[in-house]
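These are the residues of each chain, in order.
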Amino acid sequence: MRDKLIRSFVLLFATAMIGSLIAVHVNNINGVNALAGEYFAARTTATADPNPLLEPWKGPYGGVPPFDRVQVALFKPALDAAMMQNLMEVEKIAKDPAAPNFENTIAAMERTGRTLDRVTTIYNVWGSTMASPEFQVVQREMAPKLAAFSDKITQNEPLFKRIEAVYNSPAKAKLTPEQQRLSWLYYTNFVRSGARLNPEAKARLSQINQQLAGLFTKFSQNVLAEEDSQFITLKSGDELAGLPQSVRDAAAASAVTRKQPGTWVIMNTRSSVDPFLTYSDRRDLREKVWRMFINRGDNGDEHDNNAIITEILHLRAERAKLLGYLTHAHWRLENAMAKTPERAMELMMAVWKPALARVHEEVVDMQALATKEGSAIKIAPWDYRYYMERVRKAKYDLDQNEVKPYLQLEKLREGIFWVAGELFNFNFTPVTNVPVAHPDIRVWEVTDKTTKKHIGLWYFDPYARAGKRSGAWMNAYRSQERVNGEITTIVSNNANFVKGKPGEMLLISWDDATTMFHEFGHALHGLNSNVTYPSLSGTAVARDYVEFPSQLMEHWLSTPEVLQRFAVHYQTGKPIPQALVDKINRSKTFNQGFATVEYLAAALVDMKLHLAGDKKIDPRAFEKEALAGLGMPHEIVLRHRLPQFLHVFSSDSYSAGYYSYLWADVLTADAYGAFVEAGGPYDRKVAERLRKYIFSVGNTVDPAEAYRAFRGRDPKIEALMKKRGFPVGNAVSEARP
Ligand SMILES: [Zn+2]
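Residues numbered from 1 in each chain as written. Predicted model: local features only at pLDDT ≥ 70, side-chain atom pairs only at ≥ 80, totals over all residues. Heavy atoms only, no water.

Q: Sorry, what's going on with the overall build of the protein chain here?
A: Counting its secondary structure elements, the protein chain contains 28 helices and seven strands. Relative to the 2.2 N^0.38 estimate, which gives 27 Å for 737 residues, the radius of gyration of the protein chain is 25 Å and therefore close to what a compact globule would have. A principal-axis box enclosing the C-alpha atoms of the protein chain has dimensions of 85 × 60 × 55 Å. For the protein chain, the residues scored as buried account for 63% of the 737 residues in total. One finds the centroid of the 91 positive side-chain charges in the protein chain at a distance of 2 Å from the centroid of its 83 negative side-chain charges. (Helix = DSSP H or I, 4+ residues; strand = E, 2+ residues; numbered from the N terminus. Rg over C-alpha atoms; globule rule 2.2 N^0.38 Å. Buried < 20%, exposed > 50% of the residue type's maximum accessible area, 1.4 Å probe, protein only. Lys, Arg positive; Asp, Glu negative; His and termini not counted. Charge placed at Lys NZ, Arg CZ, Asp CG, Glu CD.)

So, in structure tokens, the structure goes:
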């Protein structure tokens, strides 16, 4: 609801493989009007120490976030003051005696809320990477207040009348296309947020939004609590059977942070659990670790999320009705590229059937291997990753551990810089003159290789720590814009690698390397932005479109140019052997049945939940019945079971929207074809079209039109089916986005 228009942070998670988070901000540092200035003068004289979070960002590059001056106690007063200031700014626009026009209404709105943007940017960084128990108390208190604040703006009647007048005015035709789109965005977002409801309905809507905000916070904190507090301790060597040295080292490092010296600790996070399930020879321990992980939020204790889910779904259904929509899914998808839940379902089901068929083949292979080894087991969910890895070895002679010594985190970082240089003419220089939230975080300045012009800053926060959300994500600290002069962007990439010993090269898996390229794709989407208005900048695009640039960038990891230069052995410095690369390429569609089904089942359940209307939902029963109806293979569990499905229940942003990765992947696979057809991934002309029509335009252009401008036609689903190794039938070509 509050996406893009009112500053709020939006969760966006990455591929089917790894979670990602993007905070989309609408901000700038110069927009404080006179009225608010008076208010602040009064405040700062009354208090001895002005709150540093409220100050404009100082320092180089047009100012940088004052991470060195943050104290948790500053957040609440800063948020309260900044919200108050923002309301006064908006009130001034609403009460403007001049007749409404684009400049004094829409553009004026774009200049409001700059202080609040700066405060919430830092607040959200703390929420995702430094969420101490003390901070979580502030979050619980502030979430409903922030929701109520947003409603106060969208429910401001005189303000809406002005926006409506601008939107319906014949003068709109004289505005630039970007201004026309921004007018449409304001108008439609206000309407979709209840601007046209009667006062009673508005009051109820605001109540619902505040209740939901509280429930979202509780849901997230419950998952974080179980990820932080639960772990499995391995005490003897035979409990480590099968684990490669890198997994043992990571487990030993976790044991130190968990104060279990001399043991090995498997944490309750994906980056700790997945490698264990892949390599441990101990079936009993695999089952134990698997159960711990899939039961997050579902343990019947004080962190159980089931009742919260029921309540969230009930409130969402009521809100959708109040706003005049059939279901929450219909409301959410209206402005997405898919437009309707039916179109999204159609695409999902077109891919679901061949994916299921592939899973059955994969299980047959795994079962045969187990039987050949004399094991009487029947493949269970905690066996899938283990036997999948063994089959990979048997079928393709490919051992992931053979690949890892060539994948050094820092070398791959140089690799993504190099790709950005080839495609977008960017240059990266490390800088040390800006404050960071934690000593592990490093910063680079991005400039144009030819003109040396400053483009933005890139912050890199690669390591796991307590209070940091698991997974990987991108965050925009400041959006590019020029509504008040040129403002450059500040973006960050975040991950959860277990930090190695000092001086040791950190080696990562192929999947993690792919995720690095993915998150960097989001960063490049922000860095390439070239728009006027902050609400339309960078990654502030439709939810089912935003994963397209990021998923597209994943393709450059496996280009020979990157592998030969940057996938070099951590001891010998020699590039990865061609024979090994050939094996990786040959096995590209291996295990796509599993990857597609575990993701897609979660996306289908998400959509079905939000199409169910206002009937009371028991999450456990619903999950079970929905999966039975889909014919879910019993060897696979949902990638995110409902009590831990942060995409869907930590905010509204990905609710009825988990399908977005598949939708965007249709575009991704089809778009990469443009490079292949032109002769290669570094073709200058195609790269220029990519920058011009996709990476630089933000939300100033309708995504379907932008894609057509890049590709010369609409996307086709065939490339996706080929990419995943599924048969390309006639039926599927109808299910294009
Ligand atoms: Zn992503």
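Q: Help me understand the coordination of the zinc ion, please; the structure alone is not making it clear to me.
A: Ideal values differ by geometry: the angle at a metal is 109.5 degrees with four tetrahedral donors, but 90 or 180 degrees with six octahedral donors. Bound to the zinc ion are the protein donor atoms His518 (NE2), His522 (NE2) and Glu547 (OE), situated 2.1 Å from the metal. Sequence spacing of the donor residues for the zinc ion, all on one chain, is H-x3-H-x24-E. With histidine 522 in helix α18 (residues 510-527) and glutamate 547 in helix α19 (residues 543-553), this residue pair connects regions lying 25 residues apart in the sequence. The class of histidine 522 is buried, set by a relative accessible area of 0%. The exposure class of glutamate 547 is buried, given its relative accessible area of 0%. (Donors = N, O, S within 2.8 Å, 3.2 Å for Na, K, Ca; no water.)

Q: How should the nonpolar core be read in this particular structure?
A: One recurring pattern in soluble globular proteins: nonpolar side chains tend to sit buried together. Ranked by size, the top nonpolar core spans 143 residues in total, and within it Trp458, Trp556 and Phe649 carry the most contacts. Counting residues per element, this core draws most heavily on helix α14 (residues 341-372), which supplies 13 residues. Sequence-distant contacts of tryptophan 556, defined by excluding residues within four places in its chain, comprise Val419, Leu423, Phe517, Val562, Tyr672, Phe675, Pro681 and Tyr682. (Core = buried A, V, L, I, M, F, W, Y, C linked by side-chain atoms within 4.5 Å. Contact = heavy atoms within 4.5 Å.)

Q: In this structure, what is going on with the side chain of asparagine 156? I would like to understand it.
A: Relative to the helices and strands, asparagine 156 resides in the loop between α5 (133-154) and α6 (157-168). Within the local environment of asparagine 156, its side chain forms a polar contact with the backbone nitrogen of leucine 159, the two atoms lying 3.1 Å apart. With sequence-adjacent residues up to four places away left out, asparagine 156 is seen in contact with Val90, Glu91 and Ala94. (Polar contact = N/O pair within 3.5 Å; in protein donor to acceptor, adjacent residues only side chain to side chain.)

Q: Help me out: how do you make sense of the packing of aromatic side chains in this one?
A: Pairs of aromatic rings are described using the distance from one ring centre to the other and the angle between the two planes. Applying the stated criterion to the full structure yields 41 aromatic pairs. Where tyrosine 386 meets tyrosine 387, the ring centres are 5.1 Å apart and the plane angle is 90 degrees; that geometry is what we call edge-to-face. In terms of burial, tyrosine 386 and tyrosine 387 fall into one category: buried. Aromatic pair tryptophan 418 and phenylalanine 566: ring centres 6.1 Å apart, planes at 45 degrees, arrangement tilted. A residue pair is termed long-range when its members are at least 10 positions apart, and tryptophan 418 in helix α17 (residues 409-424) and phenylalanine 566 in helix α20 (residues 560-566) qualify at 148 residues. Side by side, tryptophan 418 and phenylalanine 566 carry an identical accessibility label, which is buried. Taken together, the ring pairs in this structure connect Phe67, Phe75, Tyr123, Trp126, Phe135, Tyr459 and Tyr477 into an aromatic cluster. Over the face of the ring belonging to tyrosine 167 we find lysine 172, whose NZ or CZ atom lies 3.9 Å from the ring centre. Above the ring of tryptophan 331, the side-chain terminus of arginine 332 is found at 5.9 Å from the ring centroid. (Phe/Tyr/Trp six-rings, centres within 6.5 Å; stacked < 30°, edge-to-face > 60°. Lys NZ or Arg CZ within 6 Å of the ring centre and 35° of its normal.)

Q: In this structure, what is going on with the sheet that holds strand β4 (residues 442-448)? I would like to understand it.
A: The pairing of strands in a sheet happens through backbone hydrogen bonds and is either parallel or antiparallel. Ordered by their spatial adjacency, five strands build an open sheet running β3-β4-β5-β7-β6, and the pairing between neighbours is mixed. At either margin of the open sheet sits one strand with a lone partner, and together these are β3 (426-431) and β6 (473-478). If you compare each strand with its neighbour and ignore which way they point, the axes differ by 25 degrees on average. Two elements, β4 and strand β5 (residues 454-463), share six bridges in a ladder whose sense is antiparallel. Among the inter-strand pairings, valine 446 is bridged to a residue of β5, identified as glycine 456. Sitting on the sheet, helix α4 (residues 114-129) touches β5, β6 and β7 (489-497), and the angle it makes with β6 is about 160 degrees. (Pairing = 2+ DSSP bridges. Axes fitted to C-alpha atoms, helices over the stretch in contact; angles between N-to-C directions.)

Q: So what exactly am I meant to see when it comes to the confidence of the model for the protein chain here?
A: Predicted coordinates in regions of low pLDDT should not be interpreted in detail. Put simply, the protein chain has an average pLDDT of 91, and 92% of its residues get 70 or more. In the predicted structure, residues 1-47 sits below a pLDDT of 50 and forms 170 contacts with residues beyond four places in sequence or in another chain. (pLDDT = per-residue confidence, 0-100.)

Q: Can you help me understand unusual backbone geometry in this one?
A: If a residue is not glycine, its phi is most likely negative; likewise, a peptide bond is most likely trans. Residue tyrosine 61 is not a glycine yet carries a positive backbone phi of 60 degrees. Summarising the element assignment, tyrosine 61 is placed in the loop between α1 (34-46) and α2 (72-94).

Q: What should I look at first to understand α18 in this one?
A: Residues that lie three or four places apart on an α-helix share one face, since the helix turns once every 3.6 residues. For α18, spanning 18 residues, the distance from its first C-alpha to its last is 25 Å, which sits close to the expected 26 Å at 1.5 Å a residue. Most of α18 is tucked away, with 16 of its 18 residues classed as buried. (Expected span 1.5 Å × (residues − 1).)

Q: How should I be thinking about the packing of helix α8 (residues 199-229) against helix α12 (residues 306-322) in this particular structure?
A: Any two packed helices are characterised by the angle at which their axes cross and by the distance between the axes. Where α8 contacts α12, the axes come no closer than 10 Å and their chain directions differ by 155 degrees. Classed by the angle they form, the pair α8 and α12 counts as roughly antiparallel. Crossing of α8 against α12: the hand is left-handed. Where α8 approaches α12, its residues Ala201, Arg204, Leu205, Ile208, Asn209, Gln211, Leu212, Leu215, Phe216, Lys218, Phe219 and Asn222 are matched on the opposing element by Ile308, Ile309, Glu311, Ile312, Leu315, Arg316, Glu318, Arg319 and Leu322. A breakdown of the residues in the contact of α8 with α12 according to their chemical character gives 12 nonpolar, three polar and six charged. (Parallel < 35°, antiparallel > 145°, perpendicular 65-115°, else oblique. Left-handed = near helix turned anticlockwise from the far one by under 90°. Nonpolar A, V, L, I, M, F, W, Y, C, P; charged D, E, K, R; others polar.)

Q: Is there a simple way to think about the pattern of salt bridges in this case?
A: For the coordinates displayed, the defined rule picks out 53 salt bridges. Between aspartate 665 and lysine 723 there is a salt bridge whose closest N-O contact spans 2.6 Å. Here aspartate 665, found in helix α25 (residues 660-678), pairs with lysine 723, found in helix α28 (residues 718-723); they are 58 residues apart in sequence, far enough to count as distant. Given the relative accessible area of 32%, lysine 723 is considered partly exposed. Residues participating in the shared-partner salt-bridge network are Glu157, Lys161, Glu164, Arg196 and Lys202. (Salt bridge = Lys/Arg side-chain N within 4 Å of Asp/Glu carboxyl O.)

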